[in-house]
Amino acid sequence: MRQRHKVLALLGVLSMLTFLDRLAIAVAGPGIQADLHIQPRNWGWILSAYVLANGLFEMPSGAMGDRHGQRGELTRIVTWWSAFTALTAVCKGFWQLVVVRFLFGVGAAGAYPNSAGVIARWFPAGERARSQGIVWAASRLGGALAPLLIVPIEACFGWRSVFWVLGAAGFAWAAIWYAWFRNRPEEHRAMTAAELEEIGGAARAGGLERVPWARLLRLRALWFIVAAYGCYGCASWFYFSWFPTWLVHSAGFSLNGVLLTSLPFLVGLAANLAGGVLGDRMSARWGAKNALRAIPGVCLALTAAVLAAMALFHGKVAAVALSSLGFGMMDLMLPSAWAMCLAIGGRFSGSATGMMNTAGQAGGFIGAVLFGYIVEATGNYNLPLWLIAAMVLISAALFTRIDSTRGLDEAPANP
């Protein structure tokens, strides 16, 4: 087994844990709300506290990984977020939950930008969409496992025990990562000359340097992907925050029916694996510029239509089928979107993807807060879906304008 594939396996476990910890509060949400008497508007702020903090610290964390290496940065990230995951268990009211979830988001910020930085350094260009697909598929496995693990633990031991268990798992991953991983492929004791040759320019370009922010911020393609991902984030965070509550209040499921929130994530798992292969193959056939803009454009346009259908058709079967289809269509484009940002950011992919993911968190924050206010004002859990569908349609249009071949490595240093 090649060393870079072991790295990818560790990143996959990280991604799975990220989503288990991220979705724990959403899955346990109905029980927490009932236990602590939290209203929908305030619950929206609790869900969004993580998103806000995560967005604010994505860029600094991604840049720190580019500058100092992802070994220490990912160790810090997972240790921090695991501590605040565990501390969620001691919260007794609205303000405590807001503060702890905000600090959880501060720590978790940069997990995916730093994972992207590892992929940019450890994998050749022809394997990057596939590698991103595996990382994101693992996140969806975490999302699928979240209700299957959390609901039984909550039923047997209460919602607080969920966060103790997840915190312990994160501490274990951080210890293994720091002991085994190295920032550069050539620094790893088990790395062979043959594999270094396979990795090629990715390893040679992997020196740790100061981030050239002025050059990054002049990239038109980077600003387009930032805007597109921000609009997309509004939809993705509906699934990560309000979706279990939406199933209960809109589609009429019981609390045990929250187990069905696994289905969209299982579809997303398959879609990410397929999307990674699709992105690499279409890039080889059509060129990266055409392939990586077409896949998100088509997938997100179809997602917008599905979200609109979710607002119109309210039966239980329709809710499960349409929500799974919509999430799967979004995830089919995700490896291509991240491969696009890797191409734009070049050897500073951690910083570039940090900018992109910051925008996604900002869109998620706005969407989650507005969802709560719209529900509070109207009592209608389907009305916010129209806003989310519109944002996804805008995202589709923006992705079709991005030229990933005009990235940092191709741009002149002194234009």
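Description of the structure in this document. Note that the structure is a prediction, hence the values are computed from the model and not measured.

Parameters at a glance
Residues numbered from 1 in each chain as written. Predicted model: local features only at pLDDT ≥ 70, side-chain atom pairs only at ≥ 80, totals over all residues. Heavy atoms only, no water. Helix = DSSP H or I, 4+ residues; strand = E, 2+ residues; numbered from the N terminus. Rg over C-alpha atoms; globule rule 2.2 N^0.38 Å. Buried < 20%, exposed > 50% of the residue type's maximum accessible area, 1.4 Å probe, protein only. Contact = heavy atoms within 4.5 Å. Salt bridge = Lys/Arg side-chain N within 4 Å of Asp/Glu carboxyl O. Expected span 1.5 Å × (residues − 1). Bend = angle between axes of the 7 residues up to and from the residue. Axes fitted to C-alpha atoms, helices over the stretch in contact; angles between N-to-C directions. Nonpolar A, V, L, I, M, F, W, Y, C, P; charged D, E, K, R; others polar. Patch = residues over 30% accessible without salt bridge, like charges linked within 9 Å, V, L, I, M, F, W, Y side chains within 5 Å. Areas by Shrake-Rupley, 256 points an atom, 1.4 Å probe, with all protein chains shown as cover. Phe/Tyr/Trp six-rings, centres within 6.5 Å; stacked < 30°, edge-to-face > 60°. Lys NZ or Arg CZ within 6 Å of the ring centre and 35° of its normal. 1 Å grid on protein atoms, 1.4 Å probe; cavity = no way out; pocket = protein on both sides within 12 Å on 5 of 7 lines; lining within 4 Å. Points joined across faces, edges and corners; volume = space filled by probe spheres on them.

**Side note on the overall build of the chain**
Point 1. Within the chain, the secondary structure is distributed over 17 helices and zero strands.
Point 2. Relative to the 2.2 N^0.38 estimate, which gives 22 Å for 415 residues, the radius of gyration of the chain is 20 Å and therefore close to what a compact globule would have.
Point 3. Each of the three principal axes of the chain carries a C-alpha extent, and together these read 55 × 40 × 35 Å.
Point 4. Of all 415 residues assigned to the chain, the portion counted as buried reaches 60%.
Point 5. Nonlocal contacts in the chain, meaning residues at least 24 apart in sequence, comprise 86% of its contacts between residues at least 6 apart.

**Regarding the pattern of salt bridges**
Side-chain pairs of opposite charge can arise whenever the charged atoms involved come near each other.
Point 1. This model, assessed by the stated rule, comprises nine salt bridges.
Point 2. Between Arg4 and Glu195 there is a salt bridge whose closest N-O contact spans 3.4 Å. Taken together, the residues span a long stretch of sequence, with Arg4 in helix H1 (residues 3-27) and Glu195 in helix H9 (residues 193-199) at a distance of 191 residues.
Point 3. As a salt-bridge pair, Arg184 and Glu187 come within 2.8 Å of each other at their nearest N and O atoms.
Point 4. Residue classification places Arg184 among the partly exposed residues on the basis of a relative accessible area of 23%.
Point 5. On the accessibility criterion, Glu187 (38% relative accessible area) is partly exposed.

**Thoughts on helix H15 (residues 316-345)**
Point 1. Between its first and last C-alpha atoms H15 spans 43 Å; for 30 residues at 1.5 Å apiece the expected length is 44 Å, and the two agree.
Point 2. At Leu334, H15 shows its maximal bend, which comes to roughly 30 degrees, and the proline Pro335 appears one to four places after that position.
Point 3. Burial runs high along H15: 23 of the 30 residues are buried.
Point 4. A positive phi of about 60 degrees marks Gly346, the residue just after H15.

**Some points on unusual backbone geometry**
Point 1. With phi around 60 degrees, His37 is a residue other than glycine that occupies positive phi space.
Point 2. Tracing the sequence through the fold places His37 in the loop between helix H2 (29-36) and helix H3 (40-68).

**Focus on the packing of H1 against helix H12 (residues 220-249)**
The description of two helices packed together rests on the angle between their axes and the distance between the axes.
Point 1. Following both chains from N to C, one finds H1 and H12 inclined at 35 degrees, their axes separated by 7 Å at the closest point. For the pair formed by H1 and H12, the contact residues are Phe19, Arg22, Leu23, Ala26 and Val27 on the first element and Trp237, Tyr239, Phe240, Ser241 and Pro244 on the second.
Point 2. For the contact of H1 with H12, the class distribution of residues is eight nonpolar, one polar and one charged.

**A look at a nonpolar patch on the surface**
Point 1. A cluster of nonpolar side chains, contributed by Leu312, Phe313, Leu383 and Trp386, occupies part of the molecular surface with about 420 Å² of accessible area.
Point 2. As for its placement among the helices and strands, Trp386 is situated in helix H17 (residues 383-399).

**Some thoughts on the packing of aromatic side chains**
Between two aromatic rings, the relevant description is the distance of the centres plus the angle of the planes.
Point 1. Under the definition given, this model contains 25 aromatic pairs.
Point 2. Consider the rings of Tyr112 and Trp136, whose centres lie 4.2 Å apart with planes at 10 degrees: the pair is stacked. Of this pair, Tyr112 sits in helix H6 (residues 111-122) while Trp136 sits in helix H7 (residues 128-157), and the two are 24 residues apart along the sequence. The pair formed by Tyr112 and Trp136 is uniform in burial state, with each residue classed as buried.
Point 3. An aromatic cluster is defined as three or more aromatic residues linked by ring pairs; in this entry it consists of Phe238, Tyr239, Trp242, Phe243, Trp246, Phe265, Phe327, Phe371 and Tyr381.
Point 4. Over the aromatic face of Tyr178 sits the side chain of Arg71, whose NZ or CZ is 4.0 Å from the ring centroid.

**Brief notes about empty space enclosed by the protein**
Point 1. On inspection of all chains with the given rule, the structure shows four cavities of 30 Å³ or more.
Point 2. By volume, the largest cavity is sized at about 100 Å³.
Point 3. Within the residue set of the lining of the largest cavity, elements represented by two or more residues are H1, H7, H12 and helix H16 (349-378).
Point 4. Of the residues that constitute the lining of the largest cavity, the class distribution is eight nonpolar, five polar and two charged.

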